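Observations on the three-dimensional arrangement
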Number of protein chains: 2
Amino acid sequence: MARRSDHSREELTQLTLSAARGIVEREGLRALTARAVAREIGYSVGTIYNLYDNIDDLIVHLAANVLDDLHAAMVPLPGGDVEDTLIGLARRYLAFTRANQRLWNVLFEHSRDADGELPEWYFDRIGALMGLIEELLCPLYGPDHAIERARSARVLWAGVHGIAMLAATGRLANITAEGVDAMVEDLVHHYVKGVREASGGAVRVENFST
Amino acid sequence: MARRSDHSREELTQLTLSAARGIVEREGLRALTARAVAREIGYSVGTIYNLYDNIDDLIVHLAANVLDDLHAAMVPLPGGDVEDTLIGLARRYLAFTRANQRLWNVLFEHSRDADGELPEWYFDRIGALMGLIEELLCPLYGPDHAIERARSARVLWAGVHGIAMLAATGRLANITAEGVDAMVEDLVHHYVKGVREASGGAVRVENFST
DNA sequence: ACTTTTTATTGAACATCGTTCAGAATTATA
DNA sequence: TATAATTCTGAACGATGTTCAATAAAAAGT
């Protein structure tokens, strides 16, 4: 019934987010209730609503947090071949989903806002991830094909995401872990080959230097 | 407080499912509560639990129902070119997601069963859809490459699904409806081209007949 | 130093949810 | 007709998201 100075407002919002994260990691999104978070941080329910608009708001912040981690886990080592680097990226995406299953589920299990749109800073995160791929695709397209390149980045992202999602939620029937890896490699391999083929034949770039 | 003979058990299960479907169509999955369904069919809450184990069970049945409709909307006209037929399929998939947004969302918004596995008859539905694509892919692979063909079917399915999902839930940033169409076509086009290229060069089948 | 204002924190309260189950009423069986 | 099996109800339980008057501490004003 009183004011405390155990934490600043910022500390408290961070503390709440960490608690939420812990709960999801341990027990899944369904266990993420306002009361559970309050209990975990040693404050009362009302305090949560003093920091976040509602539970969905908290979930979106958690999702953004997860996207940050995903980004950090994916920033690419600048390698040689486009295809190999892309497959490396995809592999790390899959590794992330496996190492953080419950957290990763948060990313698409929270469309429950009904008609409520996601905030812009959330899209910024997604855009950043997309940028990662777009940059890798540069060698595949001339500098005057930015639109196609952006589209390819989105297609690849969505493709890998789709595979990971259907696999993780068991909606793919008879798919093992290695099966998922094979699928992702198959996607990247054939798609990249198709793009290369479309834009001027199989032999390319290497020949220009001599 | 009494027994009624307004409907047989089968009629009642069907009635419940239809009511559930109507509620989701009109107000989304979040409005699908046991009490709402009971109200709609003119029975009490308990009756729902006499027909379905729990709400998740009802949702899974609804999802299977939607999968049936999706299947019906996608059975392909046997056309000529593989790529064109595939794109036609993908287009109809997208059309379905747009025409039945809220229903379609049910398909992947109900992974909340936690560790509860989905029933086999649910996978049968998915398998049937996959079979649709697999069959279309036959001309791309020799009859002795069933595994690769099955994998390609899954990859394409997951890809289209991923695109549709990210687009529908607004998790793709700056994507219009035409953008989605373009993405799906891009995916199918380049992927198929890549597969063709991989399995024996650009010129194929047509030359064998003469 | 004091008063006043602003801010943080609580927890009881409300409506709603999924789910259970004893009992009442009807149909089926003996 | 008597007994068993079934269907249906709705009150009840615990838990949820969310609100808000009341409270007390901190900050600002004098």
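Residues numbered from 1 in each chain as written. Chains lettered and ligands numbered in written order. Predicted model: local features only at pLDDT ≥ 70, side-chain atom pairs only at ≥ 80, totals over all residues. Heavy atoms only, no water.

As for the packing of aromatic side chains
For the structure shown, the criterion picks out 6 aromatic pairs over all chains. On the basis of an interplanar angle of 80° and a centroid distance of 4.8 Å, the ring pair of Trp104(A) and Phe108(A) is categorised as edge-to-face. In this pair, Trp104(A) and Phe108(A) both sit in helix α6 (residues 101-109), 4 residues apart, roughly one turn of the helix. Considered together, Trp104(A) and Phe108(A) belong to a single accessibility category, that of buried residues. Arranged with centres 6.2 Å apart and planes meeting at 90°, the rings of Tyr93(B) and Trp104(B) form a pair that is edge-to-face. Placement of Tyr93(B) in helix α5 (residues 82-99) and of Trp104(B) in helix α6 (residues 101-109) is noted, with a sequence separation of 11 residues between them. You'll find Tyr93(B) and Trp104(B) in the same group, each marked buried. (Phe/Tyr/Trp six-rings, centres within 6.5 Å; stacked < 30°, edge-to-face > 60°. Helix = DSSP H or I, 4+ residues; strand = E, 2+ residues; numbered from the N terminus. Buried < 20%, exposed > 50% of the residue type's maximum accessible area, 1.4 Å probe, protein only.)

Some thoughts on the interface of chain B and chain A
Facing 46 residues of chain B, the contacting portion of chain A comprises 45 residues. Note on chain B versus chain A: buried area summed over both sides is about 4000 Å², and carbon and sulfur give 62% of it. If you look at where chain B meets chain A, you find 4 salt bridges. Taking the shortest distance from any N to any O, the salt bridge between Arg151(B) and Asp186(A) comes out at 3.7 Å. Top element by residues in the side of chain B that touches chain A is helix α8 (residues 146-168) of chain B. It accounts for 12 residues. (Contact = heavy atoms within 4.5 Å. Buried area = accessible area lost by both parts, 1.4 Å probe. Salt bridge = Lys/Arg side-chain N within 4 Å of Asp/Glu carboxyl O.)

Regarding the relation of the copies chain B and chain A
Relating the two copies of this chain is a rotation about some axis coupled with a shift parallel to it. The two copies are related by a screw motion: chain B maps onto chain A through a turn of 180° and a shift of 0.0 Å along the axis, at an RMSD of 0.1 Å. Both copies of the chain, as the preceding transformation shows, are related through a two-fold rotation axis. Of all interface residues in chain B, 96% are interface residues in chain A too; the two copies therefore contact each other through one and the same surface. (Least-squares fit on C-alpha atoms with pLDDT ≥ 70 in both.)

Comments concerning the packing of helix α1 (residues 9-27) of chain A against α6(A)
Residues and elements named next belong to chain A. Where α1 meets α6, the closest approach of the two axes is 7 Å, and the angle between their N-to-C directions is 110°. In terms of orientation, α1 and α6 fall into the roughly perpendicular class. For the crossing formed where α1 meets α6, the hand is right-handed. Between α1 and α6, the contacting residues are Arg-21, Val-24, Glu-25, Arg-26 and Glu-27 on the first element and Arg-102, Leu-103 and Val-106 on the second. Of the residues belonging to the contact of α1 with α6, the class tally is 3 nonpolar, no polar and 5 charged. (Axes fitted to C-alpha atoms, helices over the stretch in contact; angles between N-to-C directions. Parallel < 35°, antiparallel > 145°, perpendicular 65-115°, else oblique. Left-handed = near helix turned anticlockwise from the far one by under 90°. Nonpolar A, V, L, I, M, F, W, Y, C, P; charged D, E, K, R; others polar.)

As for the domain arrangement of chain A
Residue and element names in this part refer to chain A. Split by domain assignment, chain A resolves into domain 1 (9-52) and domain 2 (57-208). On a C-alpha basis, the centroid separation for the pair domain 1 and domain 2 is 30 Å. Domain 1 puts 13 residues into the contact, and the matching count from domain 2 is 11 residues. Buried surface at the junction of domain 1 and domain 2, both sides included, amounts to about 1200 Å², of which 72% is carbon and sulfur. At the boundary of domain 1 and domain 2, one finds 1 salt bridge. For Arg-21, the salt bridge is made with Asp-69, and the minimal N-O distance between the two is 2.5 Å. The tally of links between domain 1 and domain 2 comes to 3 residue pairs in polar contact (both at pLDDT 80 or more). Counting residues per element, the side of domain 1 that touches domain 2 draws most heavily on α1, at 8 residues. (Domains from an automatic or database assignment. Polar contact = N/O pair within 3.5 Å; in protein donor to acceptor, adjacent residues only side chain to side chain.)

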